[in-house]
Amino acid sequence: VHPKRPGYLALVTDRRPLSTNVSSERSRTMLMSRSAGAPLKAGNSKNDEAAKVTKLEEYIKARDYTGALALLEFNRKTGEEDEDKTLMWIGYSAFHLGQYQRGYDAYQEVINTSGNPPHEVYLYQAACLYYMQMYSQAEEKATEYVQVSKNALKDKIQRATTDEAVQEKSKELKRERMKSQEQYQKMAADKPPSDEEVRQQITKEIEAEHSTQKAPELSLKNRLLFHLAHKIDDQDKLMLRHQELTDTQEDQLSLAAIHYLRSHFQEATDIYKRLLLENRDDLALNVYVAMCYYKLDYYDVSLEILAVYLQAHPDSAIAVNLKACNHFRLYNGRAAEAELKVLSDQGHNLQANDLIRHNMVVFSMGDSALQVLPQLVDFIPEARLNLVIYYLRHEGVQEAFDLIKDLEPSTPQEYILKGVVNASVGQDAGSREHIKMAQQFFQLVGASASECDTIPGRQCMASCFFLLKQFEDVNIYLNSIKAYMYNDDDFNWNHGISLAQTGNFKAAEEALLLVQNEKYKAEYCYISWLARCYISNGQPRNSWELYLKMDTSNESFNLLQLIANDCYRMGQFLYAAKAFDVLERLDPDPEYWEGKRGACVGVFQQVVAGKQQREDLRDVLAMMRNTSNPQVEYMVRIIKKWCNENGVKIG
């Protein structure tokens, strides 16, 4: 079997978490509140201070985080700005530039130098760790944020519930109740609140105020832990965090992102479309909807929706890359590369963007794969898969297996690739264990509700049955997708062999002749099945020509045996005799003489019956004389006698 080797996988996102917030039409992940960078204080001049703050805000608004970082570092060196606030903005800018380690270090410096650092710093550090794929450390930081916040709340309550504070609160309550005569009269009848009741009221007020003030941070913490639960595959925590999500735009975007990452693209699409209806000005939502439609194979729809965003932001690398991916699916790699050239013409350094570097390898069908992909396998999952595909296409089956053997598949593409690799290893090494694993992987995809009616899903079921040698079932699945796979060499290879296995040699020949890959056509498996089809379809001469094109080898010897036996069985005695004649000269086995003898007699009988050309007897006599066997002379004499009696010139 030639398991369908998946095409290279183009990335529409680098699979680092999708945006969890959209605060403007060009905004991506905004994990930090703008309040963290309150207006910076300058040294002496209020005008200079206003100018610097305005300039920084302009950088941030334009998402020019490189410019913002340069300004912040300069201000920090001059010592004119508040150190902690400058560091907070540095962390913010570095984070949005994708420099997560730098952002983490800036926040750590705030913790180290500030006597009372903002609690949210720990949460921002957790976000940086998350993007660096240090998930356990990120969870620890989020837990540290919770603990620090609890301790701060506890200290605040303790300070607010001292005896002096309680007495002062009691007096305040008394004054409030005395504001109206009616309340005063009621107060006189009621028992005044005890100190413990006052303490409880103070505690409730502080906790309510804390919850209100910390609501954005707590929401961010829940979203972060939600994504962490997905990354570490903790379903219980995932459901817990899911239940705590609200209907806010940020939480719904986070939920949609998780649906997307779990390959629930329709659910993600529904959320994004609803948010888009509610927030027409958030143009970035069009990109997310377009990404979902791309994943759902609606490439035309994806392009149509994406055009809305590109019209406003034609220089967006993410959007242009998505457009290129759609063109790759609709047309070819050259069309996709032409789209990326737009970015290059606008001054973008394509080699500086890992996502685009990866896709340039994909669009060029593997060019520079060994230079680019190994550097990306640790943080771009598709890079590993594409490197596996590259090795499969370049006879590196063992290298492909080493790369994918420890991968726990979670998407249909990963299951398919695991199946292909195991099938390849199993066939190369004759390993029944790997063949069985491949069959199971293919069955999981082909029988799944989401994939059973897709082309890859049906290909998987066909591969599963092929490995089980249930070729009638193979043909059912392959026939159902034949119209879509006319020019696919892997498909035509498998379909041809499966048809031949069920005796449909005419259709098998047609399928095998559609294979264009010269490498495939040089494989003995292909040649032998095509030869068998030719023989079964009454074209033994074509099978003999296949043999004549081969170099002398074990494979050519095996093909001779196939031609000799199949032609003999089909009554095509002339080419059976030719094959047995060569076999006898290569290996003087008595069986080959017996086969040649029977084939020569068969040709003679066909000539006598008028079913074969009389001139073929010349070849028969020549082949007979190649054997030094006592029976030869008797047979030659009989044939010559008949030729003389019937006026056949045999030279």
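To keep things clear, this report deals only with the structure shown in the data block.

**Here we look at the nonpolar core**
Part 1 of the argument: Ranked by size, the top nonpolar core spans 66 residues in total, and within it Trp544, Ile563 and Met624 carry the most contacts.
Part 2 of the argument: Looking at which element gives the most residues to this core, the answer is helix α31 (residues 573-586), with nine residues.
Part 3 of the argument: In this structure methionine 624 touches Trp593, Cys600, Val632, Met635 and Val636, once residues within four positions along its chain are discounted.
Part 4 of the argument: Membership of the second largest hydrophobic core comes to 46 residues, among which are Ala256, Leu275, Ala336 and Leu343.

**Description of the side chain of threonine 627**
Part 1 of the argument: Structurally, the position occupied by threonine 627 is in the loop between α33 (616-624) and α34 (630-645).
Part 2 of the argument: Each residue touching threonine 627, except ones within four places of it in the same chain, is listed here: Glu584, Trp593, Lys596 and Val632.

**Here's the deal with the pattern of salt bridges**
Part 1 of the argument: Scanning the model with the defined rule gives 20 salt bridges in all.
Part 2 of the argument: A salt bridge links aspartate 453 to arginine 458, with the shortest nitrogen-to-oxygen separation between them at 3.4 Å.
Part 3 of the argument: What makes arginine 458 partly exposed here is its relative accessible area of 23%.
Part 4 of the argument: Because the salt bridges share partners, they merge into one network encompassing Asp581, Glu584, Arg585 and Lys596.

**Focus: the packing of aromatic side chains**
Part 1 of the argument: Considering all chains together, one arrives at 25 aromatic pairs under this definition.
Part 2 of the argument: With 6.1 Å between their ring centres and 65° between their planes, tyrosine 390 and tyrosine 391 make a pair best called edge-to-face.
Part 3 of the argument: Relative to phenylalanine 441, the ring of tyrosine 415 has its centre 6.1 Å away and its plane inclined at 55°; by these criteria the two rings are tilted. Placement of tyrosine 415 in helix α21 (residues 412-429) and of phenylalanine 441 in helix α22 (residues 432-446) is noted, with a sequence separation of 26 residues between them.
Part 4 of the argument: Taken together, Phe95, Tyr100, Tyr130, Tyr131 and Tyr135 form an aromatic cluster joined through their ring pairs.
Part 5 of the argument: Geometry around tryptophan 529 places arginine 532 over its ring, the cationic atom sitting 5.7 Å from the centre.

**Overview of helix α12 (residues 265-278)**
Part 1 of the argument: Across its 14 residues, α12 extends 20 Å between first and last C-alpha, which sits within 8% of the 20 Å expected from 1.5 Å per residue.
Part 2 of the argument: Residues Phe265, Ala268, Thr269, Ile271, Tyr272, Leu275 and Leu276 constitute the buried set of α12. Seen along its axis, α12 keeps its buried residues to an arc of 165°; they face one direction. Exposed residues lying more than 90 degrees from the buried face of α12 are Leu277 and Glu278.
Part 3 of the argument: Buried residues along α12 sit in contact with α11 (249-261) and α13 (284-295).

Calculation notes
- Residues numbered from 1 in each chain as written.
- Predicted model: local features only at pLDDT ≥ 70, side-chain atom pairs only at ≥ 80, totals over all residues.
- Heavy atoms only, no water.
- Core = buried A, V, L, I, M, F, W, Y, C linked by side-chain atoms within 4.5 Å.
- Buried < 20%, exposed > 50% of the residue type's maximum accessible area, 1.4 Å probe, protein only.
- Helix = DSSP H or I, 4+ residues; strand = E, 2+ residues; numbered from the N terminus.
- Contact = heavy atoms within 4.5 Å.
- Salt bridge = Lys/Arg side-chain N within 4 Å of Asp/Glu carboxyl O.
- Phe/Tyr/Trp six-rings, centres within 6.5 Å; stacked < 30°, edge-to-face > 60°.
- Lys NZ or Arg CZ within 6 Å of the ring centre and 35° of its normal.
- Expected span 1.5 Å × (residues − 1).
- Arc of directions from axis to C-beta.

Limitation: the analysis is restricted to geometry and does not speak to function.
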